[in-house]
Amino acid sequence: MDPITGAIVAGLASGAAVLLAMAVVAMGTVAGDGVAIAMGAALGGSALGFLAFNRHPARLFLGDGGSYFLGFLLALTTLRATQLDETGVMPVGVLGVLWGYPIVDTLWAIVRRAKAKRPILSPDRAHLHHRLLSVLGRYRATVAILYLLFLVLAACAVLLWVIAR
């Protein structure tokens, strides 16, 4: 991974994890679910601590293993927090909104690569964050816009979840 891509992707993943973990803590607080609160706070705090070293110019990078692990833990934590009751029923719309950006970006990458007859796991510079960076030309502005998007998605997901309860 080249330094420019690593700085955007890793900083974006860590910042998104902090915002998604805040949503988990909010949902756990409303539900009175101490486990979801603890999991969200621990995950968000660790991502925030890592983010201190990952701002541009980054001194540390998550890498693929770190970002996959962070995503896996976020998925587990989100599933725990969004259960409506002991039956385990979850509002799919809430999960879709909360995870909207990574789901859409991943699906679009698969479609884009399949249409170009390239392996779906091959890297490219056509993700939304790459396109935004090429338009804006500034790392901080690109990441700030995407953090704002994650914040709006997280707030909408929490609102939907509260309504679903």
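Note that the structure is a prediction, hence the values are computed from the model and not measured.

Novice: Mind showing me how you'd approach the packing of helix α6 (residues 128-136) against helix α7 (residues 139-164) here?
Specialist: A pair of packed helices is captured by two measures, namely the crossing angle of their axes and the spacing between those axes. Where α6 meets α7, the closest approach of the two axes is 9 Å, and the angle between their N-to-C directions is 135 degrees. As far as their axial angle goes, α7 and α6 are oblique. Considering only the axes of α6 and α7, their crossing is right-handed. Mapping the contact onto sequence places L128, H129, L132, L133 and L136 in α6 and Y139, A141, T142, I145 and L146 in α7. By residue class, the composition of the contact of α6 with α7 is eight nonpolar, two polar and no charged.

Novice: What is the right way to look at the nonpolar core in this model?
Specialist: Grouped burial of nonpolar side chains is what soluble globular proteins tend to show. One finds A23, M27, L74 and L98 to be the most contacted residues of the largest nonpolar core, which totals 19 residues. Going through the elements one at a time, α1 (3-31), α2 (34-51), α3 (63-81), α4 (92-98) and α7 are the ones with two or more residues in this core. If you tally residues by element for this core, the top one is α1, at six residues.

Novice: So what exactly am I meant to see when it comes to the pattern of salt bridges here?
Specialist: Oppositely charged side chains may form a pair once their charged atoms are brought near each other. Under the criterion given, the structure shown has four salt bridges. Between R112 and D124 there is a salt bridge, and its shortest N-O distance comes to 3.0 Å. Remark: D124 occurs in the loop between α5 (100-115) and α6 and R112 occurs in helix α5; sequence separation between them is 12 residues. Of the residues examined, R112 reaches a relative accessible area of 14% and is grouped as buried. On the basis of relative accessibility, which here comes to 15%, the residue D124 falls in the buried class.

Novice: For this particular structure, what's the right way to read the environment of G15?
Specialist: In this structure, G15 sits in helix α1. A relative accessible area of 3% means that G15 is categorised as buried. G15 sits 29 residues away from G44 along the chain, and the two C-alpha atoms are 8.9 Å apart. Those residues in contact with G15, other than ones at most four positions away along the chain, are L51 and Y147.

Novice: Explain a nonpolar patch on the surface here, please?
Specialist: On the surface, V35, M39, F69, F72 and L76 cluster together into a nonpolar patch covering about 460 Å² of accessible area. Put simply, the parts of the chain that give the nonpolar patch at least two residues each are α2 and α3. Here the element with the most residues in the nonpolar patch is α3; it accounts for three residues. Positionally, M39 belongs in helix α2. Given a relative accessible area of 31%, M39 falls into the partly exposed group.

Novice: Looking at this structure, how should I read the environment of M22?
Specialist: Position of M22 relative to the elements: it lies in helix α1. Of the residues examined, M22 reaches a relative accessible area of 47% and is grouped as partly exposed.

Novice: Looking at this model, I keep getting lost on the packing of aromatic side chains. Mind explaining?
Specialist: Scanning all chains against the criterion turns up one aromatic pair. Relative to F150, the ring of Y101 has its centre 5.1 Å away and its plane inclined at 65 degrees; by these criteria the two rings are edge-to-face. Taken together, the residues span a long stretch of sequence, with Y101 in helix α5 and F150 in helix α7 at a distance of 49 residues. Exposure remark for F150: the relative accessible area of 4% places this residue in the buried category.

Rules behind the numbers
Residues numbered from 1 in each chain as written. Predicted model: local features only at pLDDT ≥ 70, side-chain atom pairs only at ≥ 80, totals over all residues. Heavy atoms only, no water. Axes fitted to C-alpha atoms, helices over the stretch in contact; angles between N-to-C directions. Helix = DSSP H or I, 4+ residues; strand = E, 2+ residues; numbered from the N terminus. Parallel < 35°, antiparallel > 145°, perpendicular 65-115°, else oblique. Left-handed = near helix turned anticlockwise from the far one by under 90°. Contact = heavy atoms within 4.5 Å. Nonpolar A, V, L, I, M, F, W, Y, C, P; charged D, E, K, R; others polar. Core = buried A, V, L, I, M, F, W, Y, C linked by side-chain atoms within 4.5 Å. Buried < 20%, exposed > 50% of the residue type's maximum accessible area, 1.4 Å probe, protein only. Salt bridge = Lys/Arg side-chain N within 4 Å of Asp/Glu carboxyl O. Patch = residues over 30% accessible without salt bridge, like charges linked within 9 Å, V, L, I, M, F, W, Y side chains within 5 Å. Areas by Shrake-Rupley, 256 points an atom, 1.4 Å probe, with all protein chains shown as cover. Phe/Tyr/Trp six-rings, centres within 6.5 Å; stacked < 30°, edge-to-face > 60°.

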